[in-house]
Amino acid sequence: MSKAGREAVAPPRASALAGSGDHPTRLSWALTDAACAGWMVLAALLARGFGFIPSVLDPDESLYLLQAREWLRGGWPYVAVWDMHPVGAPAIIAAGLLAFGESIASVRLLGALFVAATGFLLFRITVLARCGRATGLAAGLLYVAHSVLPGGLATNTEILFAPFVTAGFALAMVAARDLLEERRVPGPGRFGSIGLCFGVALWIKQVAAPEACMAFLGLTALAVSKGGMPVPGVFPRALAFAAGCALPTAATALVYSLRGDLPAFLHANFVAPLLYVAKDADVNAMVVLRIVLASLLQMAWLLIAAAAAALALRRHRRVDLHAVLVAATMLWFAGATLGIVLPGKFYAHYFLLWVPPLSIAAALGLREVVVRMAPRRPGVALLGVVAIIASMPVLDHLALLGRRGVGLRLPDPPRAAAEAVSRLVPPGETAFVVNYEPIIYFLADLPLPTRMPLWQQLAGDYGGAMGQESDAELARVLASRPYLLVISQPHWRKVRRSAQHAIEAALEQGYQEAGSVQGTEGVVELWRRR
């Protein structure tokens, strides 16, 4: 590259769309980095606060919580508590329990803080692209509000890895800005740091891989087309990026190898997920279609506004940071879509992967509209429109909670079951939750009788499908004769036939019914050892 090409050049004049509209006023403090970080935390706590109340929002969250609890007590994931997800989620939750105390509210608070972190990073990406602080705040608030969509209130993997995926795109935007404004091509070190962000996301859940690929593809294409990077220069950068992506998982594998538990780590992280993907989903095509359509409708305003940003890009004649940001959100959205589709299961919380890129694109699209409707104060008008759109999913969520009333005006069934179990189980004994909520072990502070507390894996169909010896483990648990068996009648039909026979034989030979409680969907029976 010539000396002139390496010299810094003045940033191009921002377009009307990219202009911030953030003229210095007495309220400018409200758009500073510190203030916007505070707005994200406040918005996350307000939007997700009522989600602190129910004991169960998602069984996966309950499983991560049990893994975290056992880890703090010396029992490592996969060895003490089995799962097919990476260790990132239980590791982060264990840190949250240490910081805030061992409670469900601590886990939900952790989720709210991660949502706020993602929102703030979306704000920073928009500011880095010189699209304005008001637009960045709009993007962050749209994300925070839409994080409460079905499946989003739980502190699940999609919530936990979102800040790291967003950080990866933020570093990529910094590299793009340096490339366009200073003609500085990102080197392998920059690509390695971006890869490390995605590596932490992969350490939490493998579905972040397509988003990582899209980030690498976009930045590499920009470096080749606008930075003059020769094509062979892609290879060292690809190696650095891959090394960053692999580092957290490789380091964890090394620790498990030193402990002598590498086979359990490899099976849970690589073999079991592939077997899970190969297993047919337990929902029919019509249910999948309904879930997809529901997700599209819930994000309709985001999709429409994002389409406006994409259409505006067609009128954009030059490749500047605004154009790069819109293109990045499109690549990000494509990667998120692959992350949703590839597992082949289509659970509602998978669609949360769409929300970060759509939030940025929607903020840009809404600004395209309001800058023409309110040219004097586009930032204020934008935030007013965003406040209306952001309130929709939050109010819908509050209305749903009000109708159900679980933990508010109606009892919380898993808590009631845990209280009954606590009264019946004497010190030194434990219960076996056959086919109900595993959070009972946590609420009742009971030791785990099995390394597979998620009943769908132990007594359902998924354990055998993922290469686990479920029948052998169930036989071992029943042979240990736990003091109490907790059986949900509505879920009994979902227990596999071989497990039903083994449990019925154990009940007949050594248990008597000790009572029942009203569960989430019906009666939960409590059987005490004779």
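The sections below set out a description of the structure shown in this document. Bear in mind that the values here come from a model prediction, so they are computed numbers and not experimental data.

### Some points on the overall build of the protein
Then, in step 1: When you go through the protein residue by residue, the secondary structure sums to 23 helices and four strands.
Then, in step 2: Here the C-alpha radius of gyration of the protein, 25 Å, is about what a compact globule of 530 residues would show, namely 24 Å.
Then, in step 3: Reported as C-alpha extents along the three principal axes, the dimensions of the protein are approximately 85 × 50 × 45 Å.
Then, in step 4: Here the protein, with 530 residues, has 54% of them falling under the buried criterion.
Then, in step 5: Put simply, of all contacts in the protein between residues at least 6 apart along the chain, 74% involve residues at least 24 apart.

### Things to note about the environment of A272
Then, in step 1: Residue position: A272 is located in helix α12 (residues 262–278).
Then, in step 2: Judged by its relative accessible area of 0%, A272 is buried.
Then, in step 3: Through-space distance from the C-alpha of A272 to that of M84 is 5.8 Å; in sequence the pair is 188 residues apart.

### Looking at the packing of helix α10 (residues 209–226) against helix α11 (residues 234–259)
For any two helices packed against each other, the geometry is given by the interaxial angle and the distance between the axes.
Then, in step 1: Their axes nearest at 12 Å, the elements α10 and α11 cross at an angle of 155°. Between α10 and α11, the interaxial angle falls into the category roughly antiparallel. Read as a crossing pair, α10 and α11 show a hand that is right-handed. Only V234, R237, A238 and F241 of α11 make contact with α10, whose side of the interface consists of A212, F216, T220 and V224.
Then, in step 2: In terms of residue class, the contact of α10 with α11 is made up of six nonpolar, one polar and one charged.

### Section: helix α18 (residues 413–424)
Then, in step 1: Over its twelve residues, α18 extends 17 Å from the first C-alpha to the last, a length consistent with the 16 Å expected when each residue adds 1.5 Å.
Then, in step 2: Taken together, the buried positions of α18 are P413, P414, A417, A418, A420 and V421. What you see down the axis of α18 is that its buried residues fit within an arc of 165°, all on one side.
Then, in step 3: Here the buried face of α18 lies against β1 (431–433), α19 (439–443), β2 (484–488), β3 (511–518) and β4 (523–529).

### Focus on a nonpolar patch on the surface
Then, in step 1: A contiguous nonpolar surface patch, about 440 Å² in accessible area, is contributed by W29, W39, L42 and L46.
Then, in step 2: By the secondary structure assignment, L42 is in helix α2 (residues 33–48).

Procedures and definitions
All residue numbers refer to positions counted from 1 along the written sequence of the respective chain. A pLDDT threshold of at least 70 governs which residues receive local features in this predicted model, and a stricter bar of 80 or more applies before side-chain atom pairs are shown or counted, although totals over entire chains, interfaces and linings include all residues. Only hydrogens and water are set aside; all other atoms, that is, all heavy atoms of the structure, feed into the side-chain values. Secondary structure elements are defined from DSSP: runs of H or I of at least 4 residues count as helices, runs of E of at least 2 residues count as strands, and each element is numbered from the N terminus. Our radius of gyration looks at C-alpha atoms and nothing else; its globule reference is 2.2 Å times the residue count to the power 0.38. Each residue's exposure class comes from its accessible area (1.4 Å probe, protein chains only) as a fraction of the maximum for that residue type: buried when under 20%, exposed when over 50%, partly exposed otherwise. By definition in these notes, contact holds between two residues if any of their heavy atoms fall within 4.5 Å. Geometry is summarised by axes, namely lines fitted to C-alpha atoms with helices restricted to the contacting stretch, and by angles between N-to-C directions that run from 0 to 180 degrees. Each angle gets one of four labels, with under 35 degrees taken as roughly parallel, over 145 as roughly antiparallel, 65 to 115 as roughly perpendicular, and the rest as oblique. Left-handed describes a crossing in which the near helix is turned anticlockwise from the far one by less than a right angle; the clockwise case is right-handed. Amino acids are sorted into nonpolar (Ala, Val, Leu, Ile, Met, Phe, Trp, Tyr, Cys and Pro), charged (Asp, Glu, Lys and Arg) and polar (every other residue, Gly among them). Expected span of a helix, by definition, is 1.5 Å for each gap between consecutive residues, and there is one gap fewer than residues. In this description, the arc belongs to the directions extending from the helix axis to the C-beta atoms. In this analysis, a patch consists of residues with relative accessible area above 30% that form no salt bridge, clustered at 9 Å for like charges and at 5 Å for the nonpolar side chains Val, Leu, Ile, Met, Phe, Trp and Tyr. Calculation of accessible area relied on Shrake-Rupley with a 1.4 Å probe; when residues are assessed, cover is drawn exclusively from the protein chains displayed. Salt bridges are defined by distance alone: a side-chain nitrogen of Lys or Arg within 4 Å of a carboxyl oxygen of Asp or Glu.

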